[in-house]
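# Residue-level structural notes
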Amino acid sequence: ASAVAVASGTPAGLAWKKRVEPHQQPAPPAPTQPKQTLDTASAAATQPPKALDVAVVPLTQSATAPSVSTARVGGSSAPEDLLAAALLQQAQQAQQQQQQQQQQQLLPVASAPITPPTALPQQPLPAIHPQLAASATAMRVAAATLSPTEHSGEDYLMEMLANMDQIMQQGRQTQQGLVAIIELSCRKALDGHFGRLMLVGSAALRVETPGSDIDIVCFTQRRKAEASLLPAAVLRRVHRALKDVISQYVDHLGFYTELIDDARVPILRVLWGPPECAVVVDVSVDQSRPVDHVRWFQRAGAAPRNGAPEPMVAPLVTLTLRCVKWWLRQRQIPRTKEGGLPTLAWLLMVVHVCSLPETHNQAIVRAQRPFCALLASLKVFFCYYDCIEKLDGILHFAADGSTSDFKRHTEATGAAPWAELAVLDPTREGSERLNLVPRLLPATQLLLAYELHRASQRFQQVPRGAEASYGAGRHIVHDVFEPLPEGTNVLPITVTGDIGILILHAAGAGLATKYDIELGVIEEVVPRPGWYAPFLHRSDERSELRVRLCDLDDHSGTCTPRSKFAASVAPSDFVCRIPLERKDGGRCYQIDADAIDRIQVMRRLLADLHQQPSKASEPTTSAETAAATVQSLASIPSPARSCYAQI
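Rules of the game
All residue numbers refer to positions counted from 1 along the written sequence of the respective chain. Only residues with pLDDT of at least 70 are given local features in this predicted model, and only at 80 or more are side-chain atom pairs given and counted; all residues enter the totals for whole chains, interfaces and linings. Each side-chain value is worked out from all heavy atoms of the structure, with water and hydrogens disregarded. Between 30 and 60 degrees the pair is tilted, below 30 it is stacked and above 60 it is edge-to-face, where a pair is any two Phe, Tyr or Trp rings, Trp via its six-membered ring, whose centres lie within 6.5 Å. A simple rule labels every residue: compare its accessible area, found with a 1.4 Å probe on the protein chains alone, to the largest value its type can have, and call it buried under 20%, exposed over 50%, or partly exposed in between. Only when the NZ of Lys or the CZ of Arg is both within 6 Å of the ring centre and within 35 degrees of the ring normal is a charge said to sit over the ring. Helix and strand definitions follow DSSP, with helices as H or I runs of at least four residues and strands as E runs of at least two, each counted in order from the N terminus. Every axis corresponds to a line fitted to the C-alpha atoms, with the helix fit spanning only the stretch in contact, and the corresponding angles, defined between N-to-C directions, vary from 0 to 180 degrees. Angles below 35 degrees are treated as roughly parallel, those above 145 as roughly antiparallel, those between 65 and 115 as roughly perpendicular, and all remaining angles as oblique. It is the rotation of the near helix from the far one that decides the hand of a crossing: anticlockwise by less than a right angle makes it left-handed, clockwise makes it right-handed. Only heavy atoms matter for contacts: two residues are in contact if any of them lie within 4.5 Å across the pair. Basically, the charged four are Asp, Glu, Lys and Arg, the nonpolar ten are Ala, Val, Leu, Ile, Met, Phe, Trp, Tyr, Cys and Pro, and anything else, Gly included, counts as polar.

Turning next to the packing of aromatic side chains. In this description, an aromatic ring pair is defined by two values, namely the gap between the centres and the angle between the planes. Inspection of every chain in the model, using the stated rule, returns twelve aromatic pairs. Note on W296 and F297: the rings are 5.3 Å apart at their centroids and 85° apart in plane angle, and the pair reads as edge-to-face. Here the two residues W296 and F297 agree in accessibility, since each one is buried. Here the aromatic cluster, defined as three or more aromatic residues joined through ring pairs, consists of W327, W346, F381, F382, Y384, Y385, F406 and F459. Between the NZ or CZ atom of R408 and the centre of the ring of Y384, over which it lies, the distance is 5.6 Å.

Written out as structure tokens, the structure reads:
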């Protein structure tokens, strides 16, 4: 959300070159009656953030149907006008935003809602409970007169989401301008082979967070006698056209492009701004699975449907998805490319928990207090997966999103006692059934279990009723979303300074293997041949880490190296990094109290893992095997239903 510094020399700080001629096919005019929404988390019912508009031809229409412009913001039909307005606005507000950020530190927040205009078949929204529905006028009055609640934890979530919307609103026009530029480049590169653009990913699901990428898919079309275009070849053509279009705009704009054409799914990344806060748009070609996932979430009631009337209020499941996605970002939970869970798997795990009877009941009971139901929903989610044993099972959804079932494993396996988590893609059935979860090695499972357990313990400490002293709940909820330093859970390929890491050490073999946590300091990293990424993958068993292991004093936090010689470990044994400082002339190291607590909690999780009975003797509870109905997710009472509108 930070403004981007641009070249000075004019009052607006911009040096313009010649304008790009608009595309021959004019864009339709902006709608005369824009959608009316309210800022759910704002007590003053302020202007909501602008929606990212990607208007496209529906998949159900003919391939020869006329396409429309992807970008329509503020009534402008020319992409260059959109980007110009965004750049001018950014330059004029740069100094003001910097002053505001210095005066007031924004709370960590969970994303501004985006209206996903993906052209999908229109279907009616799930019905909202009649006793909890309210008119827009009544909700405006309630929001305008709302005062802070008696529970500071609920207030924190309310402010967190409001600040999220504020941050996302600041960058919405810039995102819209970049999408317009990409659409223009696709048209120029593909000409008659251009089909449509579709918005997918977190933006389409309205679970976007500050810093999230915008994901769009460019669909091509061809005549019967023509051969299909390879995605990598299409992106190369679009990349060349994009560079040509950008060159006609403004000098020193900070545009960057990255073409990844050798991946399983080729991607073109378009970035604008400083690397630490760049606006990023990822473009893929002819990928139908992301579109199928958006449709599925809409059918299940976990995302708004395209073309349907704006819902009066945000469903509880949508707010829970946004908060969990923000938690993933704040706590630096490993992503797929690093060896962790895909974001889609996390979102499906949230949808399952939100469909459980326990979540329904708590939401109904607490619907009268704003955001109390959201607190309860987050607590249920983290408690449901707060240890390694609870991650051991198969999560399955019906194709129509009507039921879900998390079936725990009851038979011992060779990998016991570690979990074998599977989240099946709900858009694939039969022989095409696909597990979205990659192989999670024990060290990664331990990290995930620790973070889930940490959040679970804190949510259980939040007072359920009135607080003894206002602010206690706020402090606890803030601690759940407390951000970790960038790279905490990533293993770098180069060593700069003292890097302390936690290693999962195994002793023994087979089912008799015992595990413990070791602390070490990296001396050298030897990546496997052919690896050029700036980090090592968590499943990498071929690269080598040379580490000096240390003995830890749990009381003082002093770490003393055991030997002058370094031990050799694999990246697959890496759990996380911890901050440390040299002391006593460099003969030993010091870690802080948070690192000591992290190690102690992980050791307790390992101890519980060793003591658990074999899977074959574990009873399967009804809560673990009962199918949960998710067809009415949107009708679960929202924390905002009594006095707020759609976020």
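From this point, the discussion proceeds with the structure in view.
A separate point is the environment of P485. Examined against the element boundaries, P485 turns out to sit in the loop between α12 (472–480) and β9 (491–492). Since its relative accessible area comes to 55%, P485 is described here as exposed. For the pair P485 and Q332, spaced 153 residues apart in the sequence, the C-alpha separation amounts to 8.0 Å.

Two quantities define a packed helix pair, namely the angle between the axes and the distance from one axis to the other. Running from N to C, helix α8 (residues 343–354) and helix α10 (residues 372–384) point in directions that differ by 115°, and their axes come no closer than 10 Å. Taken together, the axes of α8 and α10 are roughly perpendicular relative to one another. Seen along the crossing, α8 lies across α10 with a hand that is right-handed. Where α8 abuts α10, its residues W346, M349, V350, H352, V353 and C354 lie against S377, V380, F381 and Y384. Residues that form the contact of α8 with α10 fall into these classes: eight nonpolar, two polar and no charged.

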